[in-house]
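# Remarks on the overall topology
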Amino acid sequence: MAENTEGAFLEKNQSLAPGLYEMTLLAPALVAAARPGQFVMLRLGENWAPFLRRPFGLAGIAAGAGRCQIVYRVVGEGTAQMSRWQAGRQVDILGPLGNGFTWPGVEPGRAALVGGGMGIAPLLPLAQALRQAGHQVSAFLGGASLDRLFGLGQLGDLGCRAQIATEDGSAGFAGLITGPLERYLLAGAGAGRDAVAAPGADTAAGTDHAAGTDHAAAAGPRASADADPGGGPGAGIGPGSGAVDIVYACGPMPFLRAVTGLCRRFRLPAQVSLEERMGCGLGACMGCAVKIKDASGTIQQRRICYDGPVFDGKEVFFLDQP
Ligand SMILES: Cc1cc2nc3c(=O)[nH]c(=O)nc-3n(C[C@H](O)[C@H](O)[C@H](O)COP(=O)(O)OP(=O)(O)OC[C@H]3O[C@@H](n4cnc5c(N)ncnc54)[C@H](O)[C@@H]3O)c2cc1C
Ligand code: FES
């Protein structure tokens with residue numbers, strides 16, 4: 001793991017929507033080592049309050065320019081302070097940390113990127129890297145409301161097809177994004193591949209206000225990236241659903257449980273990025289340990305900061321999973 005100690009220069013800290021911000025940092029050494037799916041730890045407070053650094057995924061990685069982006073939501077003391085930072089300040093940053101997403105195959109293929117809420121952030125540099133490598137990318141973005149979604153403009157510019165879902169029905173599918181994802185996988189399965197069809201399983205009901213609508217070119221904040229994925233979990237390309245060869249997902253635990261359930265049902269490999277509150281971010285304190293069951297049924301403690309945050313979806317059996 002490459003850890004940066006040079007600090008970073010804050011170039012921009014702009015509001016994207018109420019409570020949602022995008023920060024651009026100049027940090028050439030960190031960015032040169034960074035891969036999609038990795039994260040950084042930022043010291044946020046003056047006078048060590050809050051005391052612990054806070055973790056943030058990289059929402060943009062522009063290695064050539066030495067810049068990275070972080071998209072963040074204000075949820076507490078640290079992020080509130082962060083939102084008041086002005087361009088020009090030095091930022092105490094540690095990273096890149098963790099493993100990151102990988103493309104497990106050789107040939108160009110088809111990836112589905114599934115993001116819930118702030119889990120959209122690490123999927124943006126992944127989309128860029130996959131597109132640069134010649135893969136097709138379909139994105140499925142879900143959030144509480146339209147103003148909780150971001151990255152649509154960037155995904156459109158990259159030529160990714162994006163579907164969105166909002167829980168309040170303000171845009172796209174009204175409900176959880178697993179609804180459109182399931183429909184997409186079923187359509188692919190109907191086109192000639194295996195799916196273990198279990199109607200309704202793993203998916204919350206919802207209403208489609210824009211049936212069949214792709215949102216590839218909707219306006220949205222930009223986050224640039226030019227990194228390639230490499231290293232990390234080794235989920236091989238599976239039989240796929242006909243529409244997709246692999247699923248990448250990031251979001252809250254119940255969301256990831258639903259997405260990995262769909263992947264198992266459609267026999268798709270998945271890489272999932274887990275989130276938990278963190279202490280050190282370096283694997284030392286066990287503050288981010290989660291209990292997961294591996295494929296053999298053995299329950300293990302895994303550190304999200306050090307063993308992850310990206311895990312092979314096949315090996316992640318959430319404890320509350322039926
Ligand atoms: C690997 C990783 C990547 C992340 N990437 C992003 C990102 O790209 N953008 C972003 O906005 N946030 C991201 N987060 C979450 C971010 O770290 C927290 O929002 C932040 O630490 C909150 O700090 P705070 O001092 O403002 O809030 P606090 O005062 O520490 O907490 C405020 C509230 O948020 C809850 N909370 C804090 N951290 C988490 C967490 N990790 N999971 C669930 N609930 C939490 C607390 O329980 C509390 O209710 C990421 C977390 C991890 C582990
Ligand atoms: S945060 Fe300390 S071990 Fe992960």
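What comes next concerns the included structure. (Residues numbered from 1 in each chain as written. Chains lettered and ligands numbered in written order. Predicted model: local features only at pLDDT ≥ 70, side-chain atom pairs only at ≥ 80, totals over all residues. Heavy atoms only, no water.)

### Regarding the sheet that holds strand β8 (residues 93-97)
What the three strands build is an open sheet, ordered β4-β3-β8; its pairing is antiparallel. In the strand order of this sheet, the two ends are held by β4 (54-57) and β8, each with one partner. This sheet shows a mean twist of 25 degrees between the axes of neighbouring strands, independent of strand direction. For strand β3 (residues 39-42) and β4, the ladder comprises four bridges, and the chain directions are antiparallel. Paired with Val40 across the two strands is Phe56, which belongs to β4. (Pairing = 2+ DSSP bridges. Helix = DSSP H or I, 4+ residues; strand = E, 2+ residues; numbered from the N terminus. Axes fitted to C-alpha atoms, helices over the stretch in contact; angles between N-to-C directions.)

### Topic: helix α6 (residues 253-265)
Compared with the 18 Å implied by 1.5 Å per residue over 13 residues, the 18 Å span of α6 between its first and last C-alpha is a close match. Along α6, the residues classified as buried are Phe255, Leu256, Ala258, Val259, Thr260, Gly261, Leu262, Cys263 and Arg265. Following α6 by one or two positions, Arg267 adopts a phi angle in the positive range, close to 55 degrees. (Expected span 1.5 Å × (residues − 1). Buried < 20%, exposed > 50% of the residue type's maximum accessible area, 1.4 Å probe, protein only.)

### Quick look at the pairing of β8
Side-chain positions along a regular strand alternate between the two faces of the sheet. Across the five residues that make up β8, a large majority, five, are buried. Direction of pairing for β3 relative to β8: antiparallel, over a ladder of three bridges. Note that in β8 the partner of Leu42 across the bridge is Ile93.

### Re the packing of aromatic side chains
The final tally for this structure, using the stated rule, is four aromatic pairs. Here Tyr21 and Tyr72 contribute two aromatic rings whose centre-to-centre distance is 5.4 Å and whose plane-to-plane angle is 15 degrees, an arrangement assigned as stacked. Here Tyr72 lies in strand β6 (residues 67-73) and Tyr21 lies in strand β2 (residues 20-26), a separation of 51 residues in the sequence. Per residue, the accessibility class of Tyr21 equals that of Tyr72, and both read buried. Look at Phe101 and Tyr248: their rings are 5.6 Å apart centre to centre, the planes differ by 90 degrees, and that puts the pair in the edge-to-face class. Pair noted here: Phe101 is in the loop between β8 and β9 (110-116) and Tyr248 is in strand β14 (residues 246-250), with a separation of 147 residues, a long-range link. In this structure, Phe101 and Tyr248 share a single accessibility class: buried. (Phe/Tyr/Trp six-rings, centres within 6.5 Å; stacked < 30°, edge-to-face > 60°.)

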